[in-house]
Amino acid sequence: MKKKERTVRSLWRTLLVGSVIGALFAGLCVSGILYAADAYVADALYQHPAPQSGDIVLINIDQKSLDELGPFASWGRALMGDVINTLNQDPENAPAVIALDVLYIGASFDPEGDAYLAEACAQSVPVVTACAGTFGSQLVENADGSFYMDDYSVTAYDEPYEELKDATWQGHINSMFDTDGVLRHGIWQINLPDKEEIPSFHRQIYERYCEKTGKQAVTIPVTDANYRYYIPFQGKPGAYSDGYSVADLLNGEIDPSAYAGKIVMIGPYAAGMQDDFATAIDHAGKMYGIEYQANMVDALLRGQTKREAGRGLQALAAAALCVLWALLFYHRRLVSSLLGWVCTVAGYVGVCVLMYARGIVLSPLYIPLAVSVLFVCSIVSGYLRTALEKRRVTATFQRYVAPEIVHELLKEGTDASALGGKLCDIAVLFVDIRGFTTMSEVLEPEEIVQILNRYLTLTSTCIFKNNGTLDKFVGDCTMAFWGAPLPQEDSIYKAVKTAFDMIEQSKALQKELENKFGRTVSFGIGVHYGPAVVGNIGASNRMDYTAIGDTVNTAARLEANAPGGCIYVSRAVADALKGRVRFTSLGSSVRLKGKTAGFEVLRAEELMNNFESL
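Values in this document were obtained by computation on a predicted structure and should not be read as measured data. (Residues numbered from 1 in each chain as written. Predicted model: local features only at pLDDT ≥ 70, side-chain atom pairs only at ≥ 80, totals over all residues. Heavy atoms only, no water.)

Attention shifts here to the packing of helix H15 (residues 445-465) against helix H16 (residues 491-517). Packed helices, taken two at a time, are described by the angle their axes make and the gap between the axes. The N-to-C vectors of H15 and H16 enclose an angle of 160 degrees; their axes lie 9 Å apart at closest approach. Accordingly, the angle class assigned to the pair H15 and H16 is roughly antiparallel. Here H15 and H16 pass one another in a crossing that is right-handed. From H15, Glu447, Ile451, Arg454, Tyr455, Leu458, Thr459, Cys462, Ile463 and Lys465 reach across to H16, where they touch Thr498, Asp501, Met502, Gln505, Ser506, Leu509, Gln510, Glu512, Leu513 and Phe517. (Axes fitted to C-alpha atoms, helices over the stretch in contact; angles between N-to-C directions. Helix = DSSP H or I, 4+ residues; strand = E, 2+ residues; numbered from the N terminus. Parallel < 35°, antiparallel > 145°, perpendicular 65-115°, else oblique. Left-handed = near helix turned anticlockwise from the far one by under 90°. Contact = heavy atoms within 4.5 Å.)

What follows concerns the nonpolar core. Residues Met502, Phe523, Ile525, Val527, Ile567 and Val581 are the most contacted members of the largest nonpolar core, which totals 41 residues. Not counting residues up to four positions away in its chain, the partners in contact with valine 527 are Val428, Leu429, Ala495, Val496, Leu558, Ile567, Tyr568, Val569, Ser570 and Val573. In this structure, Ile98, Leu100, Ile254 and Ile266 belong to the second largest nonpolar core, which totals 32 residues. (Core = buried A, V, L, I, M, F, W, Y, C linked by side-chain atoms within 4.5 Å. Buried < 20%, exposed > 50% of the residue type's maximum accessible area, 1.4 Å probe, protein only.)

An ideal rise of 1.5 Å per residue puts 16 Å on twelve residues; helix H2 (residues 35-46) measures up with 16 Å between its terminal C-alpha atoms. Taken residue by residue, H2 has Asp38, Ala39, Ala42, Asp43 and Tyr46 as its buried positions. Buried positions in H2, seen along its axis, are confined to an arc of 145 degrees and lie on one side of it. Exposed residues pointing more than 90 degrees away from the buried face of H2 are listed as Tyr40 and Ala44. (Expected span 1.5 Å × (residues − 1). Arc of directions from axis to C-beta.)

Applying the stated criterion across every chain, the model contains 20 salt bridges. Note that aspartate 180 is salt-bridged to arginine 184, the shortest N-O span being 3.0 Å. Of the residues examined, arginine 184 reaches a relative accessible area of 3% and is grouped as buried. One salt bridge connects arginine 571 with aspartate 575, and the closest N-O pair in it is separated by 3.1 Å. On the criterion of helical spacing, the pair formed by arginine 571 and aspartate 575 is a turn pair, its members being four residues apart in helix H18 (residues 571-576). Classification of arginine 571 by relative accessible area gives partly exposed; the value is 32%. (Salt bridge = Lys/Arg side-chain N within 4 Å of Asp/Glu carboxyl O.)

Its twelve residues give helix H17 (residues 550-561) an end-to-end C-alpha distance of 16 Å, which sits within 8% of 16 Å, the value for a rise of 1.5 Å per residue. When we look at burial in H17, the residues that qualify are Thr551, Val552, Thr554, Ala555, Leu558 and Glu559. Down the axis of H17, the buried side of the element spans an arc of 165 degrees, and every buried residue falls inside it.

So, about the confidence of the model for the protein. Counting all residues, the mean pLDDT for the protein is 82, and 83% of those residues have values of 70 or more. Across residues 395-406, confidence stays below pLDDT 50; counting only partners more than four residues off in sequence or on other chains, it has six contacts. A low-confidence stretch, residues 411-419 stays under pLDDT 50, and its non-local contacts, those more than four residues away or across chains, total ten contacts. (pLDDT = per-residue confidence, 0-100.)

A separate point is the environment of tyrosine 292. Mapped onto the elements of the fold, tyrosine 292 is located in helix H9 (residues 289-301). Distance from tyrosine 292 to glycine 186, taken between C-alpha atoms, is 9.9 Å for residues 106 residues apart in sequence. Residue contacts for tyrosine 292: discarding those within four places in its chain leaves Ser175, Leu183, Gly186, His202, Tyr229, Ile231, Phe233, Phe277 and Met287.

This next bit is on the packing of aromatic side chains. Aromatic ring pairs: the centre-centre distance and the angle between the two ring planes describe each pair. Under the defined criterion, the tally for this structure stands at nine aromatic pairs. Between tyrosine 46 and tyrosine 356, the ring centres sit 4.5 Å apart and the planes meet at 5 degrees, which makes this aromatic pair stacked. One end of the pair, tyrosine 46, is in helix H2; the other, tyrosine 356, is in helix H11 (residues 334-357), with 310 residues separating them in the sequence. With respect to burial, tyrosine 46 and tyrosine 356 carry one shared label: buried. Each member of the aromatic cluster is reached from another via a ring pair, and the members are Phe177, Phe233, Phe277 and Tyr292. One Lys or Arg, arginine 208, reaches over the ring of tryptophan 169 and ends 3.8 Å from the middle of that ring. (Phe/Tyr/Trp six-rings, centres within 6.5 Å; stacked < 30°, edge-to-face > 60°. Lys NZ or Arg CZ within 6 Å of the ring centre and 35° of its normal.)

Before going further, it helps to examine the pairing of strand E18 (residues 477-482). The buried count for E18 comes to six of six residues, which makes it a mostly enclosed element. Both faces of E18 are covered, namely the face carrying Cys477, Met479 and Phe481 and the face carrying Thr478, Ala480 and Trp482. Where strand E17 (residues 469-474) lies against E18, five bridges are found, and the strand directions are antiparallel. The residue of E18 that forms the bridge with valine 474 is cysteine 477. The antiparallel pairing of E17 with E18 creates a hairpin that spans two residues between the two strands, and glycine 475 there sits at a positive phi of about 65 degrees. (Pairing = 2+ DSSP bridges.)

Take the side chain of threonine 279 next. Residue placement: threonine 279 occurs in strand E12 (residues 276-279). On the basis of relative accessible area, threonine 279 is assigned to the buried category, the value being 0%. Leave out the neighbours within four places in its chain, and threonine 279 touches Val182, Leu183, Phe233 and Met287.

Turning to the environment of aspartate 298, a few remarks are in order. Tracing the sequence through the fold places aspartate 298 in helix H9. Look at aspartate 298 and you get buried, because its relative accessible area is 0%. The sequence separation of aspartate 298 and glutamine 52 amounts to 246 residues, and the corresponding C-alpha distance is 7.2 Å.

Within the secondary structure, serine 124 is located in the loop between helix H5 (111-122) and strand E3 (127-141). Residue serine 124 is classed as buried on the basis of its relative accessible area, which comes to 17%. Separated by 2.9 Å, the side chains of serine 124 and asparagine 88 make a polar contact. Once you skip the residues sitting within four places of it in the chain, serine 124 turns out to touch Ile84, Asn88 and Ile98. (Polar contact = N/O pair within 3.5 Å; in protein donor to acceptor, adjacent residues only side chain to side chain.)

Quick look at the structure:
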């Protein structure tokens, strides 16, 4: 009876924990506190490049155009009129639609240029020009006479000058950045104070293209009352650019067949024009505004429209799942709980991907995070429940086996350090002391050890100074490598620089030995670059972090053949450092053990002055 009561109480506690965690994550989901983290996970899960449709051609206002035609501010509108006329000069190879991602607001100081551009657009295939709204807070009156503060009101609106407006179609180029500065949402349309609806730039381009080609236009499902929607990017920065520039077009260097019957988009494509930003598909690389517009036009052409699921519904799902999994994790073994956790997280991610393919965007973070918290709680609870039992087991087994064995028996999730390694390209250096064996025959052991320690200290100091990994000492030989455990910039140069440092710093010690013992020693060094397996290699009870492979063997054989005071390198090293280090080729006169005839060996002579500081 008591056992049953304890089970019921434990079950109620489990339900309470599940309900509390469910309520917590439901609140987080609705409040948006974890929105940035959820958006970051969504970017990684959903935003992947897709093959481009091929219906869009970018003609960039790039650095080449600015260099040839002058700063953009000095171009004048007549130049863009020439661009429009050039695109339309062959009616059979004219574009289907032309889009100008440039704001031409108000009359300029060149009325003839203004008229020329407007006339070119009037006689062209459909031309879409850019406009932009400025958003701010504004007091708005309701139909019943009451007032409210609209924080998303258009307080100013910039559109093309009158002649150009009459000759073209307009679309706004406003973007909707998230709080972390990443572009994930667009604005399907903006509503002016006079209730006029201004479509987005890419929507206007898409609809004009559908009208021209006879296709049925689709509508993006908006997310809220402000006409925001989720952007399904189709390509990363640079995906839509074929390198065409305005200068190329005006110089006749673009074959009209490249844009015939397609959408031609013209806009800034140079960093100095300040029209680039981070996007959901690539946080690090900046995407130009014209590329963003091309992404959205392509998404519409491919029918890639997405609707974000409501937060309220997802909050309820998170809460219900928390309660369910609190019961499923109840008194489960670690393996069972782990399997359930993995299946739930992987299954939900799979559902997210499937729903995204069907046009629904689910938040990928909240439910996996909630289940993970419950999983951790179940582990902690299981630990607390079994703590006394572990003590009893410990006391029992310690009477029969060593305490260390008992300790290992009671460990959970403990594995020996992983064996094996990974294949990576590294620069390997071997250095050996020439003349050391002869010297050791005439000196006392204490003196030999002292000299050896001096030399090994010298080599290790040079290695660490140049950010190398000291692999091992083998007698009077030292092995080091660069490029692992972490990739390194300029790893080959650092290896060769280390070799020169060793030769230079050994001179003072050589002189000291000559004066003291009448004998001296020197370094023979070999450096090679190539693939090797790097990692923990050995047995589970005895392993070393080292590198193995033909690259290592070749470096060792280069060192074995290098005379005292010489650095031998392979052709791979010499080619990588061409112009930075002076080499003398020894051809195939030096035969390396295990290498076929024709393996070229080179002697490193000196670092070039221009690169010594690298």
